Amino acid sequence: MTQNSASKLLNGDTLHRTKQDKKAGGNGFVKNHCLFQQQQKRYRRPAEKSHHASRTLLYKKTFVESFEETPLLVAVLTYMGYGILTIFGYLRDFLRDWKLEKCHLAREREEQKDFVPLYQDFENFYTRNLYMRIRDNWNRPIRSVPGAKMDLVERVTPDYNWTFEHTGKVLKDVINMGSYNYLGFAENTGTCADTASECTEKYGVGVCSTRQELGNIDKHEELEKLAARFLGVESSMVFGMGFATNSMNIPALMEKGCLILSDELNHASLVLGARLSGATIRVFKHNNMQSLEKLLRDAMVHGQPRTHRPWKKILILVEGIYSMEGSIVRLPEIIALKKKYKAYLYLDEAHSIGALGPRGRGVVDYFGLDPCDVDIMMGTFTKSFGAAGGYIGGKKELVDYLRLHSHSAVYATSMSPPITQQIITSMKCIMGEDGTTLGQERLCQLSENTTYFRRRLHEMGFIIYGNNDSPVVPLMLYMPAKIGAFGREMLKRNIGTVVVGFPATPIIESRARFCVSAAHTREMLDTALNAISEVGDLLQLKYSRKNRRGSEGTDCFSYLESHLD
Amino acid sequence: MKTFINLYKHTHTHTHTHTHTHIVMSGSSTRPRLMKHAHAQSRDSVKMAAGQQWVLVEMVQAFYEAPAYHLILEGILILWIIRLLFSKTYKLQERSDLTEKEKEELIEEWQPEPLVPPVSKDHPSLNYDVVTGPPSHKIIVNGKECINFASFNFLGLLDSERVKLKALLSLKKYGVGTCGPRGFYGTFDVHLELEERLAKFMRTEEAIIYSYGFATIASAIPAYSKRGDIIFVDEAACFSIQKGLQASRSFVKHFKHNDMEDLERLLKEQEIEDQKNPRKARVIRRFIVVEGLYINTADICPLPDLVKLKYKYKVRIFLEESMSFGVLGEHGRGVTEHFGVNIDDIDLISANMENALASIGGFCCGRSFVIDHQRLSGQGYCFSASLPPMLASAAIEALNIMEEDPGIFRVLQDKCKHVHKALQGTPGLKVVGEPLAPALHLQLENSTGSRTNDLKLLRAIVDYSMDRQIALTLARYLEKEERFLPPPSIRVVVTVEQTQEEIERAAQCIREAAVKILK
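Residues numbered from 1 in each chain as written. Chains lettered and ligands numbered in written order. Predicted model: local features only at pLDDT ≥ 70, side-chain atom pairs only at ≥ 80, totals over all residues. Heavy atoms only, no water.

Remarks on the overall build of chain A
Under the convention used in this document: Numbering of helices and strands runs from the N terminus; a helix is a DSSP stretch of H or I covering at least four residues, while a strand is a stretch of E covering at least two. Think of it in three bands: with a 1.4 Å probe and only protein chains considered, a residue is buried below 20% of the maximum accessible area for its type, exposed above 50%, and partly exposed in between. Residue contacts are defined here by distance: any two heavy atoms, one from each residue, within 4.5 Å place the two residues in contact. Where accessible areas are quoted, they stem from the Shrake-Rupley method and a 1.4 Å probe; at the residue level, only the protein chains shown are allowed to cover.
Tallying secondary structure elements over chain A gives 18 helices and 15 strands in all. Taken over 565 residues, chain A has a buried fraction of 66%. Expressed as a percentage of contacts within chain A between residues at least 6 apart in sequence, the contacts between residues at least 24 apart total 72%. As presented, chain A carries roughly 19800 Å² of accessible surface, and 54% of it is formed by carbon and sulfur atoms.

A short note on the nonpolar core
Which entries qualify depends on this criterion: Residue types Ala, Val, Leu, Ile, Met, Phe, Trp, Tyr and Cys, when buried and joined through side-chain atoms within 4.5 Å, form a set referred to as a nonpolar core.
In this structure, L457(A) and F486(A) are the most contacted members of the largest nonpolar core, which totals 267 residues. Ignoring sequence-local partners within four residues, the contact set of L457(A) consists of F462(A), I464(A), V473(A), L475(A), F514(A), L529(A) and I532(A).

Details of the sheet that holds strand β8 (residues 251-255) of chain B
Residues and elements named next belong to chain B. Quick note on the threshold: When DSSP finds at least two bridges between two strands, those strands are taken to pair. Structural elements are reduced to axes, namely lines fitted to C-alpha atoms, with helices fitted over the stretch in contact, and the angle between N-to-C directions of any two is expressed from 0 to 180 degrees.
One open sheet holds the seven strands; their spatial order is β6-β12-β11-β10-β9-β7-β8, and the pairing between them is mixed. With partners counted over all chains shown, the strands left at the sheet margins are β6 (206-210) and β8, one partner each. With direction set aside, neighbouring strand axes in the sheet form an average angle of 20°. Bridge count for strand β7 (residues 230-234) against β8 is five bridges, and the pairing is parallel. Counterpart to I230 in the pairing with β8 is F251. The strands touched by helix α7 (residues 189-202) are β6, β11 (348-352) and β12 (362-366); relative to β6, the strand with the most contacts, the crossing angle is about 130°.

Concerning the UniProt feature "domain: Aminotransferase class I/classII large" (unreviewed entry) in chain B
In plain terms, the rule: UniProt positions are given in the numbering used here, feature names are shortened, and annotations may be inferred rather than shown by experiment.
Taken from the UniProt record, the annotation "domain: Aminotransferase class I/classII large" (unreviewed entry) applies to residues 145-508 of chain B. For residues 145-508 of chain B, the helix share is 45%, the strand share is 16%, and the end-to-end C-alpha distance is 18 Å.

Considerations on unusual backbone geometry
Residues and elements named next belong to chain A. Note that the residue after F502, namely P503, is joined by a cis bond; omega there is 5°. Summarising the element assignment, P503 is placed in the loop between β14 (498-500) and β15 (510-515). The phi angle at K342 is positive, at roughly 60°, despite the residue not being glycine. Assignment of secondary structure puts K342 in the loop between α10 (331-341) and β8 (344-348).

Some details on the pattern of salt bridges
Applicable threshold: Salt bridges, as used here, are contacts in which a Lys or Arg side-chain nitrogen is within 4 Å of a carboxyl oxygen on Asp or Glu.
The final tally for this structure, using the stated rule, is 63 salt bridges over all chains. We note a salt bridge from R491(B) to E213(A), for which the minimum N-O separation is 2.7 Å. A residue pair is termed interchain when its members come from two chains, as with R491(B) in strand β17 (residues 489-493) and E213(A) in the loop between α5 (191-203) and α6 (218-231).

Re the sheet that holds strand β14 (residues 439-444) of chain B
Residues and elements named next belong to chain B. The strand order across the open sheet formed by four strands is β13-β14-β17-β16, and the pairing between neighbours is antiparallel. Only two strands of the sheet have a single partner each, and these edge strands are β13 (429-432) and β16 (473-474). With two bridges connecting them, β16 and β17 associate as antiparallel partners. Bridge assignment links L474 to a residue of β17, and that residue is I490. Together, β13, β14 and β17 form the strand contacts of helix α18 (residues 407-423), whose direction differs from that of β14 by roughly 10°.

Re the packing of aromatic side chains
The condition is simple: Aromatic contacts are taken between Phe, Tyr and Trp rings whose centres are within 6.5 Å, Trp giving its six-membered ring; a plane angle under 30 degrees counts as stacked, one over 60 as edge-to-face, and the others as tilted. Definition used: whenever NZ (Lys) or CZ (Arg) falls within 6 Å of the ring centre and also within 35 degrees of the ring normal, the charge is taken to sit over that ring.
Evaluated as defined, the whole model comprises 28 aromatic pairs over all chains. For the ring pair Y126(A) and F502(A), a centre distance of 5.4 Å and an interplane angle of 70° mean the geometry is edge-to-face. Of this pair, Y126(A) sits in helix α4 (residues 125-129) while F502(A) sits in the loop between β14 and β15; the two residues are 376 residues apart in sequence, bridging distant segments of the chain. Given a relative accessible area of 33%, F502(A) falls into the partly exposed group. Ring centres of F453(A) and F514(A) lie 5.4 Å apart, and the angle between their planes is 75°; this geometry places the pair in the edge-to-face category. With F453(A) in helix α15 (residues 438-460) and F514(A) in strand β15, this pair connects stretches of sequence that are 61 residues apart. Taken as a pair, F453(A) and F514(A) share a single burial class, namely buried. Among the aromatic residues, ring-to-ring pairing joins Y119(A), Y224(B), F287(B), F318(B) and F369(B) into one connected group. Across from the ring centre of F164(A), 4.1 Å away, lies the NZ or CZ of R155(A), which sits over that ring.

Some words on the UniProt feature "domain: Aminotransferase class I/classII large" (unreviewed entry) in chain A
Mapped onto this numbering, the UniProt entry gives "domain: Aminotransferase class I/classII large" (unreviewed entry) at residues 172-532 of chain A. Within residues 172-532 of chain A, the helical portion is 43% and the strand portion 17%, while the C-alpha atoms at the span's ends are 19 Å from each other.

Some details on the environment of E291(B)
Residue and element names in this part refer to chain B. Worth spelling out the cut-off: Two N or O atoms count as a polar contact when they lie within 3.5 Å, although within protein this holds only if one can serve as hydrogen donor and the other as acceptor, and sequence-adjacent residues are included solely when both atoms are side-chain atoms.
Here E291 is to be found in strand β9 (residues 286-291). Look at E291 and you get buried, because its relative accessible area is 2%. In contact with E291, not counting residues within four places along its chain, are A236, A237, C238, I241, C301, L319 and E320. Among the polar contacts listed, one links the side chain of E291 to the backbone nitrogen of I295, at a separation of 3.3 Å.

Considering the state of the cysteines
Basically, it comes down to this: Note on terminology: disulfide denotes any pair of cysteine sulfur atoms within 2.5 Å.
In the structure shown here, the tally under the stated rule is zero disulfides over all chains. The structure places no disulfide on C208(A), whose sulfur is separated from the nearest cysteine sulfur, that of C416(B), by 15 Å. The class of C208(A) is buried, set by a relative accessible area of 1%.

Here you go:
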């Protein structure tokens, strides 16, 4: 509830979000037993940093992740912005109630007016009064490949975003900074598309049965073998939908009496899966190892609530790259913790598979770790592979168990054959098994593009979140009015971006998000960067105070570094 | 004297953490009022303020009229609360008197259960049957060509050249994946077209598509029904409905399969309950969730009776039509058309596009008032990548075929009746399901008493048929997860492509197998 309790868990220089912590170590935590020590000093310059040996040695290269704090003035103005919007929201609702303003909302049927209302009034307050003002920034229909450039259908609204009409015109060649097309496999030409069309001709698009019945097609088996090889695990299983891979498999693994430790910023599918499993869920601070370790220790010491029986098993749920923060999971530390406390690890690589690591094998590859240390490797094919669906990889026993008990294998239609083929071809390309170096080139290109794009944005003075190597680049907008303005101004400059606000982010941390792709050329990135800079000046988005302080300031504050030396 | 203070505290030290604490203090108030505050942002405040009137002026007036001692008292109270907020918080529950050494020992001693229990290598379901090539009318299972009596390809659209052609054209235009959720450049013009076409086909105001059939109803239910709401659901409801119910965290009441009296009993009970606490009853939403044609029992829900109950007890109806969409009714609109029920009387219809339409994904349709809500609240819609455009195009073309030739439904219904009749009198097996159902169940007449043995017998019949080129399948369930586990059965699926002769052959084959294996 209070700031104190929130920041107690966060600590020292490892924590991005807090700079001051007066009561570090004041929570009865005895240090020498913990794997990752808590820092006691409030803030230290990097030169003075003394890292605990066990933790720094875990990283083979620098791990730079930045979450510059919100400037106070900006925070105050943001709250004021929301305040004004809320006041106007009430005013408008009042006018609508008194029929002084036309209400565009769909109404309940006359016959059902006396039913219990389907929605409570307040439920849609936010949608009606805040989201509706900037609704044009989302769901923009596209009519081409979601590649580096895309064609958008032009929409106009005669009634302030309540309805949209298509003018019939097309916005051609909009630079796409929004799609999760990390390796540029969203293509309609080339081997992927060719093999997928051959597959369509042969198999058709549907399957009309489940894996356990008669929906287990040879293509699925081929993909599963390939995916296991790609991931470096014993066995793997694929599913028709990424979201469902999480929500339908976690319940098969965990049950009542088990404990799930989940990162606070985990994706909705993980949260749903955890909830459906019936296990107890505890949440740790985003990417915060002290918080995780504390929960693990508490779980060991206290056991289950009330009965104090020991937990049956403990599962740590994390993602590889967090799609709204652009941060990369601190996997080496998590693996160390998981080994020490004998917990299991479920790693969701929805965004990181293909997008990270020198060989595109995701976050495990990025840190140079052994995939066997991760008990459950999960990921999706939607992003880097330009397809759809998800996989789970791991030990043979795990996958065999899922073959029998996964909700998806028993009740859901299996993956469409052409989609399966697209994944096979793109995966082979990344692995270099197609006999070319195209896959490797894409990986290099993505990594180059990411570094360039992040560096340039940083130089321009924007506050950008996340890890330096993450292709997901959130740029902070903060104020609600700027969400809409940024999206629209960028579209005017022929650049399609994603803007997000509450409830996808904390209320004051509205942001724009760019997803860098291997398909972006340097020229496209420069065009985009220039436009971003222009809009940034127009909307006064260059909040970062690091630049103003010059080089001295760049590496202080929330930059956290773990060096090998 | 009315006083009401709504205090928002914004802590802004240098930390990034922000709080908006919200304290409501009411003195000797008879009618609580809310002061609209510039910072009223949290959901709770919205909730609180919604029903209240705008009384800022009166608020200020009351403030002036209040006696001094009152103001001083409240001032002290505020200061005290601020102090409480800043003071250290204790978690009583987690205090333990263990020493560090004891803790270490506990950590050392603890051994987790294995991540998954061991699976025996020869579990009958572990080795899936492998289908080589398309699972269409002629299907190659484990290297043997069979006639397909197992895939839900009711209308035979899976290998329709027209559908394939449209899918290919779409692939040429859009590529395969969408690389994003609907909100973030994952909405393609074909998605909008498909939604429009589905709405038109079903004669509803709006439709919304999901990228996975299973996720459709499982996301739709929790979008409306929340904690505290009540859902009346048929015992035979399929697994995705069960998951939707679980995700909604609502209060679930099961009624006996297709038993309207039992449902009415529950509704009456609820009515009595409501009279006890009418204020609470005014905010509890109620839903009846049923399937049009049950996948687990192959029979049709008594929809007209349900509609009557709906208006009598003011409950909304959610209808799952995965099996009946594209099957029942003159134009394949499903169970509403079958019974001639006004589709507007059903609050929400959901179906998947993986059976009759032979594509992938699912949709919900109904009035805009209902459906539109899912665009921000349907988890499987908002947080998942959208349907690959080629699959949407395939579904559009399948709809075209259905619209152009409604005769196809007649053919299917005749075939269903034919199969139903042909399977009657199989020794030792009983046919479960209505003559109109395209997916029937064959159950053992006399169970051996053990599920495993029953399954073994049925499996033997399936294998026997498979050897004679009739592809059947056991209906699969997660035995521990199903709330009401249906008895073991063989599923026989009817499609328009099966000829008279093939149906006779299949029936003959099953009969032979039954005689041989069950005797």
